[in-house]
Amino acid sequence: MHRRSDDGRGPSLVERISDRLAEAGFRSPIHRMRLKGRFPLKLLGVPEDPVPGDADRGARLMAGRLYHGGYGVALATGALDLREAPGPWRRWVHGWGWLRDAAAHPPANAAEAQRIETLARRWLERFPDYDTEAWAPDLTGRRIMMALAHAPLLIPRHDHVHRSAVLNAIARWTRHLDQVVKRMPDGPARRDAVAGLFAGALLIPGQDDRLARAEALLAHACGELLAAGNAPPLELAALGDTLLLLAACHAARGARVSSAVAGGLERVRARLAALLMGDGMPAPWHGGQPSPAQMARLGIAPDDSALAQDPGGYVRLTGGSCVVVMDASPPPSLRQTKAPHASTLAFVMSDGAVPVIVSCGGAFRSAPEGLAPLALPDVLADALRATAAHSTLVLDDCNSTRLTPAAGRRSVGVEEVAVELRRLPQGTLVEAVHDGYRGRFGLLHQRRLWLAADGSDLRGEDRLLPASGVRRLIGGEAVPVAVRFHLAPGAVASLTEDGSGALIRIAGARPRDAVAWSFRARLPPGFRLSIDESVTVDWQGEVRATRQLVLLGAVSRAEPPALAWALRRQSRR
């Protein structure tokens, strides 16, 4: 049984008041006193950043332009706190992601090297003390990690005053995070803050007590994401990159990698491996996909071991060359990911390296400085999160879970998912039920999937079950229902003569990879099968037109029919 980790509400009144009081405290002279301490004279090591920056942005930086995401200012004169600047640009500036980009296009001469020093000096002079945005905990954590990993670019040997200012700033940021992270809610921001605290405590001399606390916090932060039912692949990969950098911090110090870092990396790799489809990429669950380079950097390879058979809140079925993954949990909370999808009980399927059944994609990409929105229209970005953008049942064109936080009241949607998985010699059967439509329609969605051991036959059944103890019922009124099967880009589908099936042909990267599958449905009275338009969005944001099979009809609560269907492989050359 998978239960929702929160009720979908935004911060409570008490939490908002607490945040304001903390904000006032961080601006006080008392907090500035807490940040004082012994000035570090050196770092205990300089880690090698395992994540490459953007060489194009680095080249612009060396040319005197602070440019990111289509927005830029002059490096020498542009303000670093422009409110009209896009959010991703401001976060890149305050998180010092430009250091990573500069390393991807190293200075060619003393003048270019001076530009990096000048930019760091300007930032330190502009934000010497707490600032709500510039000192945001996650950005402060990233800033510490970037300053440590790229210290040779940042701290010239000839300028001892600037060197002292940078080292003292890193120490003060670390002390600030030591005060802040204890009250932060779980989520990506806290993970970045804790990682920065851990890196600072590891490489600044005399921080052994702080390091022990930071390691415990890091273990909790990693466990919190990995314990979540259906952790988004983007968040898993972002955590993996952070842990790679922390492992490099240990190596720079000549220390053995801590159990928190080593164990976290092992679990991230196992979870991502469990979500891989036949093309070596996870489906874009809850936001989008990591890039192929990121997956390679983390060393993620297909893994059908026992560990991969327990992919958290997802269910993985394998048979022959066929892989099926189903989302079997309530959506993650807004504290866990920027873009949870209403995808409960949706599935994706691949045959070898060829995707067959997909979702429409996600609206975010993985960027070195954090998750970044793709250049998509807002309407499309929102639509990608909808239940209709996934291969599952949709009742009355409503999302199975509300996708925006509910102010002061419980959100409408999936609270619990019951799952039963049985592995037999003949194949694997999964049966799952979610309650996302219980409150609005008095119905539960049950989905059964059975995959043959040789992977040639996938059978499914979608059923709406009357929920007991529900006051708001749909009675005898018919409610529209659709079961959608989004086809991979390049798929060609044609209906059979009787209208209850379709033939699907999909070309692979090589002629011998081409596959053909037949789809058949047992259509209750009043139902029909259609082939409609659809789209998919890949990890780079490319939008491609495709098709979808849709079972359409209407149901009443009194006698909701079972919608049975089957996908059978016809050929594989």
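Residues numbered from 1 in each chain as written. Predicted model: local features only at pLDDT ≥ 70, side-chain atom pairs only at ≥ 80, totals over all residues. Heavy atoms only, no water.

The next thing to look at is the side chain of His68. Relative to the helices and strands, His68 is located in strand 2 (residues 65–68). Since its relative accessible area comes to 5%, His68 is described here as buried. Setting aside residues up to four positions removed in sequence, His68 forms contacts with Arg57, Pro88, Trp89, Trp92 and Glu369. (Helix = DSSP H or I, 4+ residues; strand = E, 2+ residues; numbered from the N terminus. Buried < 20%, exposed > 50% of the residue type's maximum accessible area, 1.4 Å probe, protein only. Contact = heavy atoms within 4.5 Å.)

This part covers helix 9 (residues 160–180). If you check helix 9, its first and last C-alpha atoms are 30 Å apart, about what 21 residues at 1.5 Å a residue would give, namely 30 Å. The buried fraction of helix 9 amounts to 15 of the 21 residues, a majority that puts the element mostly inside the structure. (Expected span 1.5 Å × (residues − 1).)

For the rest of this paragraph, the subject is the pattern of salt bridges. Taken as a whole and assessed by the stated rule, the structure comprises 25 salt bridges. For the salt bridge of Glu420 with Arg422, the shortest nitrogen-to-oxygen distance reads 3.6 Å. Given the relative accessible area of 42%, Glu420 is considered partly exposed. The exposure class of Arg422 is partly exposed, given its relative accessible area of 41%. (Salt bridge = Lys/Arg side-chain N within 4 Å of Asp/Glu carboxyl O.)

Bringing the packing of aromatic side chains into the picture now. One pass over the full model with this rule turns up 14 aromatic pairs. Between Phe519 and Trp565, the aromatic rings sit 6.4 Å apart at their centres with planes inclined by 20 degrees, giving stacked as the arrangement. Note that Phe519 is positioned in strand 18 (residues 515–522) and Trp565 in strand 21 (residues 562–572), a separation of 46 residues in sequence. There is no split in this pair, since Phe519 and Trp565 are both buried. One aromatic cluster is present, built from ring pairs that chain together Trp96, Trp98, Trp123, Phe127 and Trp173. The ring of Tyr67 is capped by Arg60, whose NZ or CZ atom sits 3.8 Å from the centre of that ring. The residue whose ring lies beneath Arg143 is Trp173, and the NZ or CZ to ring-centre distance is 4.4 Å. (Phe/Tyr/Trp six-rings, centres within 6.5 Å; stacked < 30°, edge-to-face > 60°. Lys NZ or Arg CZ within 6 Å of the ring centre and 35° of its normal.)

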